[in-house]
Amino acid sequence: MLLSEIAKYLNLELKGEDKEIRGVNTLEAAKKDELSFLANPKYVPHLKTTKAGAVVVSSEFASQVSSALISSNPYFDFARVVQLFARPQGTFRGISELAFIHSTAQIDPTVTVYPFVYIGEGVKIGANTVIFSGSYIGERVEIGEQCTIYPNVSLLCDTKIGNNVIIHAGTVLGSDGFGFAQGQSGLEKFPQIGKVVVEDNVEIGANTTIDRAAIGETKIGAGTKIDNLVQIAHNVQVGENSIIVAQVGISGSTVLGKQVILGGQVGIAGHLHLGDGCRVAAQSGVGKDIPPQTDVGGTPSMPHKTFLRSSLILPKLPELYKKIKKLEEKVKELETKVQE
Amino acid sequence: MLLSEIAKYLNLELKGEDKEIRGVNTLEAAKKDELSFLANPKYVPHLKTTKAGAVVVSSEFASQVSSALISSNPYFDFARVVQLFARPQGTFRGISELAFIHSTAQIDPTVTVYPFVYIGEGVKIGANTVIFSGSYIGERVEIGEQCTIYPNVSLLCDTKIGNNVIIHAGTVLGSDGFGFAQGQSGLEKFPQIGKVVVEDNVEIGANTTIDRAAIGETKIGAGTKIDNLVQIAHNVQVGENSIIVAQVGISGSTVLGKQVILGGQVGIAGHLHLGDGCRVAAQSGVGKDIPPQTDVGGTPSMPHKTFLRSSLILPKLPELYKKIKKLEEKVKELETKVQE
Amino acid sequence: MLLSEIAKYLNLELKGEDKEIRGVNTLEAAKKDELSFLANPKYVPHLKTTKAGAVVVSSEFASQVSSALISSNPYFDFARVVQLFARPQGTFRGISELAFIHSTAQIDPTVTVYPFVYIGEGVKIGANTVIFSGSYIGERVEIGEQCTIYPNVSLLCDTKIGNNVIIHAGTVLGSDGFGFAQGQSGLEKFPQIGKVVVEDNVEIGANTTIDRAAIGETKIGAGTKIDNLVQIAHNVQVGENSIIVAQVGISGSTVLGKQVILGGQVGIAGHLHLGDGCRVAAQSGVGKDIPPQTDVGGTPSMPHKTFLRSSLILPKLPELYKKIKKLEEKVKELETKVQE
């Protein structure tokens, strides 16, 4: 594909010579017939050493490369061109005779069902959705159109999935929430009878777990992206267009607003409200409500700026400890002297 | 079902008018033919706005609703009534011809085996147990009566499961422990030849991992409840009726007493003893033994009260730092003055 | 097997009487016909109470037991003898007719493929490799010789696995990296078109996730051992012979040197370099590059010695706070007095 054709497709200005582009790559690894990009300022020095045939860059760096596609959002525009060179995952097509499909399931004829998929009673699956090998689709589960359910996913009963949803391998939706009541003879299971609802355009990573509600719904809002190994407990509500990075844990009944961002390994206690646009730094522990548009960090979480400042002091604690001891001695000495 | 019938079933006093109850729900979402409950004081204000037809409450709140079932343990009693309205997970019955079952396996005729289950040599499965689709049951695994093994669970060889055990989807029991010996030519695998033993009435969440012992047993005591994405290493012993919340990690050979509670994302080092009734706050890191009936928090863990007080100081560290600097200046000034 | 035969096999000196050995066990659990070992000094007192018939020990402890195999590396030598008593996992042999194998796949005739395995287009599998039940092997995946792929593993397209690699149950390799570009109408998926490359002699635990590169490769170096529930993001490079303990998360594009050790639940930010031989204490949060041969701890991470000292002060913060307040009062008093 000619670079000029890509420029036209992306609606971007081409500076420098036109050439044939046969692939996409990072600045470090790109060959002379590959297109690359610069988004992270950390990699500016690579512009001098890259062998890439062309680079998607902001205008200020255009002069540093032989051929440039000028973009105000290089990461976004590069993502669109990568799509042109992507090969789809999975070549199996149709509904496998090696799958188990309950007679009452309503499956659009355009759906792909791999071998060894179990589809239960009353399931509904919309057009062009693909269910990979080894996945379990429980009773009355509904999956919309254009969804991809990767291998070994388990969707327990009554789970509802919107359109254009991607669920990566090994993920579990609709497992029982962790609810037990203390009775006289030990812990008794609180029956979990609610469901998981996932709205349109959500992507959920691999080996993540989202529990069904005790009663009612656990809900993932439209456009939200969830990474790998995330735990979302029963009755949690995640707002639209939120980003939840890997290994986050959200406890029961907590409500997240829209466009919330949770860094990796964050833990959120139960029954809290996190306002729209909140951002929580990686590994933080949140035990209180967070107002909208607030950045927090640390365990227990505090305003993010305070967290950064406090973190700078942590390695100095032994020194502070000594200083205080010294001060105490000196003050005592002074007191004696002044007393005299 | 009449509210008076539910009252009779639960052996609770009904205050207010009798009525038809068609479901159960939270105070916020309940309709007028649904029964709800109040257990968490945070939700007391909802009593005024709920549309629930009746509420399970302690006596002090009974007057605030039109119909009340008076309970000294509303969460526990409500759990029992929810059971009445629960639909079981899974409608498949019998032993599927699409499962692989080794000729030497001893499977009670009342067992349900879904399609695409693999059951290996010498496996024994007790009455009324259900094995969902995609699960792997390795050689000589023994599963008791009334157990539920959800989809895509892997039970590696020699795992022993008691009665009334629930294992949620994607969970792995009996994977090799993480043991390597430093040899001259690099890391050599320490062969893991022990097993996992799970006693009666245990529930294990989704995508959790419990490693087989290097030698001997990794053991989960009767009545213990384990949440999602928990890691339990080789040779760990968990006592009876303990509660392990999501994303906890317990390192090798550590021993937990009875009724221990570990909050979410807690990490416990190896070869430790945690006494009966210990409670560890979420995200804590435990590096030392903990005596029985002790509450700890923080990384490294400290007495819980100390942790709470220490946590209050953390955001004030920058301020303390400045104060100490100021004190040093003032003391120096004073010293000069007193010297004169 | 005679103890003298084991001594000969291990090339170790036998002190004390020869005897028949029928198994291996821990000092605590061993019977009189079992061989045990002492490696962790914590367990020295067990030498007095053990019923073990013989013990692999260093020379200094040899006199404390009736029969000893003298070793300068007891853990390593015991690991080799345990191998003699280990039973292999899995008794299924051959290529199951209940597996789905694409006609273009090239599978060595010595390979074992369990029932309900899906093997896609263009897959290549080397001699003596075993693929357990429920695993998914995507298009163009290559797996070397002598590998074990445990149940319900998902290897997405283009993943490359070397020789002698072990992947435990439920693990996912090649899932899409977590990459989204902020467009005007919300988050757009950055297509993930790279792959995962795993070199020889790597072991990967259960329910771990390793994402395919956005572009290029996510790479796990030869001899590296990864525990359960670990998250390795797109484009991460892990060096040779590294050790990554359970529940660690490594963010995108971070590069680890050789023989790096990451303790459990560690989190590493993206685009960082960790030098050869670095060691990171459990639960630490790393936000900066780490030079080679450096030990760090804490969140944010600091030199390990500083972390230990700083940790000792944390529980004393409330006390320090009071001391500073008291000092301020006293200094004020002194100032007044000196002023007079």
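A short tour of the structure in this document, coming up. (Residues numbered from 1 in each chain as written. Chains lettered and ligands numbered in written order. Predicted model: local features only at pLDDT ≥ 70, side-chain atom pairs only at ≥ 80, totals over all residues. Heavy atoms only, no water.)

1. Observations regarding the overall build of chain A
And step 1. Within chain A one finds five helices and 37 strands.
And step 2. Here chain A has a C-alpha radius of gyration of 27 Å; the compact-globule value for 340 residues is 20 Å, and the former is much larger.
And step 3. Across its three principal directions, the C-alpha atoms of chain A cover 100 × 75 × 30 Å.
And step 4. A total of 340 residues make up chain A; the buried ones form 60% of that total.
And step 5. Within chain A, residue pairs in contact and separated by at least 24 positions form 17% of the contacts whose partners lie at least 6 positions apart.
And step 6. Carbon and sulfur atoms make up 50% of the accessible area of chain A, which amounts to about 13,500 Å² in all. (Helix = DSSP H or I, 4+ residues; strand = E, 2+ residues; numbered from the N terminus. Rg over C-alpha atoms; globule rule 2.2 N^0.38 Å. Buried < 20%, exposed > 50% of the residue type's maximum accessible area, 1.4 Å probe, protein only. Contact = heavy atoms within 4.5 Å. Areas by Shrake-Rupley, 256 points an atom, 1.4 Å probe, with all protein chains shown as cover.)

2. Examining the relation of the copies chain C and chain A
And step 1. The two copies are related by a screw motion: chain C maps onto chain A through a turn of 120 degrees and a shift of 0.0 Å along the axis, at an RMSD of 0.0 Å. What we have between these two chains is a three-fold relation.
And step 2. When the interface residues of chain C are mapped onto chain A, a mere 20% of them again fall at the interface, so the copies present different faces. (Least-squares fit on C-alpha atoms with pLDDT ≥ 70 in both.)

3. Let's talk about unusual backbone geometry
And step 1. With an omega dihedral of -10 degrees, the bond running from Thr299(B) to Pro300(B) counts as a cis peptide bond.
And step 2. Tracing the chain through its elements places Pro300(B) in the loop between strand E36 (295-297) and strand E37 (302-303).
And step 3. Despite not being glycine, Gln265(A) shows a phi value in the positive range, around 65 degrees.
And step 4. Among the residues examined, Gln265(A) registers a relative accessible area of 11% and is labelled buried.

4. Digging into the packing of helix H1 (residues 3-10) of chain C against helix H3 (residues 74-85) of chain C
Residues and elements named next belong to chain C.
And step 1. At a minimum axis distance of 10 Å, the contact between H1 and H3 shows a crossing angle of 120 degrees. Compared by their axis directions, H1 and H3 come out oblique. For the crossing formed where H1 meets H3, the hand is right-handed. Contacts between H1 and H3 involve Ile6, Tyr9 and Leu10 from the former and Asp77, Arg80, Val81 and Leu84 from the latter.
And step 2. Here the contact of H1 with H3 is composed, by residue class, of five nonpolar, no polar and two charged. (Axes fitted to C-alpha atoms, helices over the stretch in contact; angles between N-to-C directions. Parallel < 35°, antiparallel > 145°, perpendicular 65-115°, else oblique. Left-handed = near helix turned anticlockwise from the far one by under 90°. Nonpolar A, V, L, I, M, F, W, Y, C, P; charged D, E, K, R; others polar.)

5. Considerations on the sheet that holds strand E3 (residues 34-37) of chain B
All names here are of chain B.
And step 1. On the basis of which strands lie adjacent, the open sheet formed by five strands has the order E1-E5-E4-E3-E2 and mixed pairing. Strands with a single pairing partner mark the edges of an open sheet, and in this sheet they are strand E1 (13-16) and strand E2 (23-24).
And step 2. Here E1 pairs with strand E5 (residues 67-70) via four bridges, running antiparallel. In the sheet register, Gly16 faces E5, and the bridge partner there is Ser67.
And step 3. In the packing of helix H1 (residues 3-10) onto the sheet, contacts are made with E1, E3, strand E4 (54-57) and E5, and the angle to E5 comes to roughly 10 degrees. (Pairing = 2+ DSSP bridges.)

6. A word on helix H5 (residues 317-339) of chain B
And step 1. Here H5(B) spans 32 Å end to end across 23 residues, near enough to the 33 Å set by a 1.5 Å rise per residue.
And step 2. Along H5(B), the positions that sit buried rather than exposed are Leu317(B), Pro318(B), Leu320(B), Ile324(B), Leu327(B), Val331(B) and Leu334(B).
And step 3. Structurally, H5(B) contributes buried residues whose contacts are with helix H4 (304-313) and helix H5 (317-339) of chain A, helix H4 (304-313) of chain B together with helix H5 (317-339) of chain C. (Expected span 1.5 Å × (residues − 1).)

7. Looking at the environment of Cys278(C)
And step 1. In this structure, Cys278(C) sits in the loop between strand E33 (273-274) and strand E34 (279-280).
And step 2. Sequence separation between Cys278(C) and Lys258(C) is 20 residues, and the spatial gap between their C-alpha atoms is 8.5 Å.

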